[in-house]
Amino acid sequence: MIEKEREGGFFRVCVQIIPHVTDEIKYRLRLVAEKNEVDVLLVECGGTVGDIEGLSFLESFRQMRL
């Protein structure tokens, strides 16, 4: 993401957690599922739910559920 931001991949705007980081997380999860040709991908989101570092992952999972 840092390289993409430096190359102007985010249209020269500030990188934001939502939607930029969450979209990247969802993209990479889908990429793993497609590469391995699986119907179900089980992903564990470890750590403490209240930690701010994990919020982008929790939000990505919430969005994918919808």
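It should be noted that the structure appears before, not after, this text.
Analysis parameters
- Residues numbered from 1 in each chain as written.
- Predicted model: local features only at pLDDT ≥ 70, side-chain atom pairs only at ≥ 80, totals over all residues.
- Heavy atoms only, no water.
- Salt bridge = Lys/Arg side-chain N within 4 Å of Asp/Glu carboxyl O.
- Helix = DSSP H or I, 4+ residues; strand = E, 2+ residues; numbered from the N terminus.
- Buried < 20%, exposed > 50% of the residue type's maximum accessible area, 1.4 Å probe, protein only.
- Patch = residues over 30% accessible without salt bridge, like charges linked within 9 Å, V, L, I, M, F, W, Y side chains within 5 Å.
- Areas by Shrake-Rupley, 256 points an atom, 1.4 Å probe, with all protein chains shown as cover.

Some words on the pattern of salt bridges
Then, number 1: The tally for this structure, following the rule as stated, stands at three salt bridges.
Then, number 2: The partner of R28 in a salt bridge is E24, and the shortest N-O contact between them spans 2.9 Å. Within this pair, R28 and its partner E24 are both found in helix α2 (residues 17-35), separated by four residues, close to a single helical turn.
Then, number 3: For E59, the salt bridge identified is with R62, shortest N-O distance 2.8 Å. Taken as a pair, E59 and R62 lie in helix α3 (residues 55-65) at a separation of three residues, close to a single helical turn.
Then, number 4: Owing to a relative accessible area of 18%, E59 belongs among the buried residues under this scheme.

Comments concerning a nonpolar patch on the surface
Then, number 1: Together, V32, V38, L41 and V43 line one region of the surface with nonpolar side chains, adding up to about 270 Å² of accessible area.
Then, number 2: Inspection of the secondary structure assignment puts V38 in the loop between α2 and α3.
Then, number 3: Assessed through its relative accessible area of 36%, V38 is described here as partly exposed.

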